[in-house]
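In case you want the letters, here they are:
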Amino acid sequence: MRIGAETAIITGASSGIGAELARQLAAAGVRVGLTARREVELEAVARTIRDAGGVAVVATGDAADPTSTRAAFARLIDGLGPIDLLIANAGTGADSRAVRFSAEGFDHMVRINLTSVGYAIEAVLPSMLERGRGQIVGISSLASYRGLPGSAGYSATKAGLTALLEGMRAELFAKNISVTAVHPGFVRTPMTADGGHRQPFMMDADRAARIILRGVARGKRRVDFPWPMVGVLRLVQLMPGWLYDRIADRLVNP
Ligand SMILES: NC(=O)c1ccc[n+]([C@@H]2O[C@H](COP(=O)([O-])OP(=O)(O)OC[C@H]3O[C@@H](n4cnc5c(N)ncnc54)[C@H](OP(=O)(O)O)[C@@H]3O)[C@@H](O)[C@H]2O)c1
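Procedures and definitions
- Residues numbered from 1 in each chain as written.
- Predicted model: local features only at pLDDT ≥ 70, side-chain atom pairs only at ≥ 80, totals over all residues.
- Heavy atoms only, no water.
- Near = heavy atom within 4 Å.
- Polar contact = N/O pair within 3.5 Å; in protein donor to acceptor, adjacent residues only side chain to side chain.
- Areas by Shrake-Rupley, 256 points an atom, 1.4 Å probe, with all protein chains shown as cover.
- Helix = DSSP H or I, 4+ residues; strand = E, 2+ residues; numbered from the N terminus.
- Nonpolar A, V, L, I, M, F, W, Y, C, P; charged D, E, K, R; others polar.
- Pairing = 2+ DSSP bridges.
- Axes fitted to C-alpha atoms, helices over the stretch in contact; angles between N-to-C directions.
- Contact = heavy atoms within 4.5 Å.
- Left-handed = near helix turned anticlockwise from the far one by under 90°.
- Right-handed = clockwise from strand over helix to strand, strands pointing away.
- Expected span 1.5 Å × (residues − 1).
- Buried < 20%, exposed > 50% of the residue type's maximum accessible area, 1.4 Å probe, protein only.
- Lys, Arg positive; Asp, Glu negative; His and termini not counted.
- Salt bridge = Lys/Arg side-chain N within 4 Å of Asp/Glu carboxyl O.

*Asks:* Would you mind showing me how to read the site of the ligand here?
*Replies:* Around the ligand there are 30 residues in total, and Arg37, Ala63, Asn89, Tyr154 and Thr189 lie nearest to it. One nitrogen or oxygen atom from the side chain of Tyr154 is found 2.6 Å from an oxygen atom belonging to the ligand. Protein contact buries 94% of the 870 Å² of open area that the ligand shows by itself. Every element with two or more residues in the shell around the ligand is listed here: α1 (16-27) and α5 (152-172). Taken together, the residues that form the shell around the ligand break down as 14 nonpolar, 12 polar and 4 charged.

As structure tokens, then:
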């Protein structure tokens, strides 16, 4: 796989999809900057990269806190130089069932899944604009296709992220900066480990990372997978509201 980047920052690189993306990017010769909150896990990912001959720089940071996010990015840019590729992957999927809705919990999720992507983009975009090249990738979700019962807050953060990326893409296209919105279905990671609802067409994180990076290498606008789940969600998007209201909760939360 040929990735047209020398340096990349991956947020949420301490586990799951982010850790796999970091390993595969490093194996393709990209110098990677890793950030997340858990230092031990981040260092473990960095060690596997360095043991395999790659270059990895680590900076812990809390995506819910702009000051912490900015400081982590400053440290990573200091260690790597200008960033060619940003993969904004950090995310959380807290329960947001309407019957026990918490505005505070929702706000926390918005800060991690959406606002922090803004701080990440702000940290790398000026240098990309100056150099006239770069790539911004955001890990959204198929849950952004429609407000999902039980995950209304999560769906909202991911729909917001998709819209943010699409608007930026159309503007940055002319500046030679590509923007990719990734919409995975279920991926086997700590986030899906509780198995609280149906998880059809589940795939492993290394396969998901390969699909994502293939799309990144091609500068794709969107990477949506796996296709059977994309098909189901496209049909769900077309469903009239009266039908959706009657069956969606039972389908998603049996
Ligand atoms: N797994 C799926 O089925 C699936 C499907 C669609 C989309 N996604 C998206 O894929 C992305 C990666 O998720 P995953 O499945 O790989 O789950 P994961 O293994 O739980 O990874 C989530 C990553 O985000 C980081 N993170 C969470 N809260 C953070 C915070 N406050 N500050 C900094 N980093 C934080 C975590 O690191 P720390 O805990 O160390 O901070 C971890 O590295 C997420 O955006 C998720 O929404 C996942």
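*Asks:* Help me out: how do you make sense of the sheet that holds strand β6 (residues 177-184) in this one?
*Replies:* Across a sheet, strands are paired by hydrogen bonds formed along the backbone, either parallel or antiparallel in direction. The strand order across the open sheet formed by 7 strands is β3-β2-β1-β4-β5-β6-β9, and the pairing between neighbours is parallel. In this open sheet, the two edge strands, each paired with only one partner strand, are β3 (56-60) and β9 (222-225). Going from strand to strand, the sheet's axes swing by 15° on average, the running direction of each strand aside. Contacting β4 (85-88), β5 (134-139) and β6, helix α4 (residues 103-131) runs over the sheet at an angle of about 170° to β4. With respect to the sheet, helix α6 (residues 205-217) is in contact with β4, β5, β6 and β9, its orientation differing from that of β9 by roughly 155°.

*Asks:* Looking at this model, I keep getting lost on the packing of helix α3 (residues 66-80) against α4. Mind explaining?
*Replies:* Geometry of a packed helix pair, given as the angle between the helix axes and the separation of the axes. It is the contact of α3 with α4, at a shortest axis distance of 10 Å, that shows an interaxial angle of 35°. α4 is crossed by α3, and the crossing has right-handed handedness. The segment α3 lies against α4, with Pro66, Thr69, Arg70, Phe73 and Ile77 engaging Ser116, Tyr119, Ala120, Glu122, Ala123 and Val124. Residues of the contact of α3 with α4, tallied by class, amount to 7 nonpolar, 2 polar and 2 charged.

*Asks:* Would you explain the pairing of β3 in this entry?
*Replies:* Two faces, one strand: in a regular strand the side chains alternate between the faces of the sheet. Bridge count for strand β2 (residues 31-36) against β3 is 5 bridges, and the pairing is parallel. If you follow Ala36 over to β3, its bridge partner there is Thr60. Each parallel crossover has a hand, and for β2 linked through helix α2 (residues 39-51) to β3 it is right-handed.

*Asks:* Help me understand α6 in this model?
*Replies:* Note that an α-helix has 3.6 residues per turn; residues three or four places apart therefore point the same way. Here α6 is 13 residues long and its end C-alpha atoms lie 18 Å apart, about the 18 Å a rise of 1.5 Å per residue gives. Within the sequence span of α6, burial applies to Ala205, Ala208, Ala209, Ile211, Ile212, Leu213, Gly215 and Val216. Looking at the residues trailing α6, positive phi occurs at Gly219, about 60°.

*Asks:* Can you walk me through the side chain of Arg146 in this structure?
*Replies:* By the element assignment, Arg146 lies in the loop between β5 and α5. For the buried residue Arg146, which engages in no salt bridge, the nearest side chain bearing the opposite charge is Asp245, 6.2 Å off. A polar atom in the side chain of Arg146 sits 2.7 Å from the backbone oxygen of Met239. If we skip the residues at most four places from it in the chain, Arg146 touches Ser155, Val236, Gln237, Met239, Pro240, Gly241 and Tyr244.

None of this, on its own, says anything about what the molecule does.
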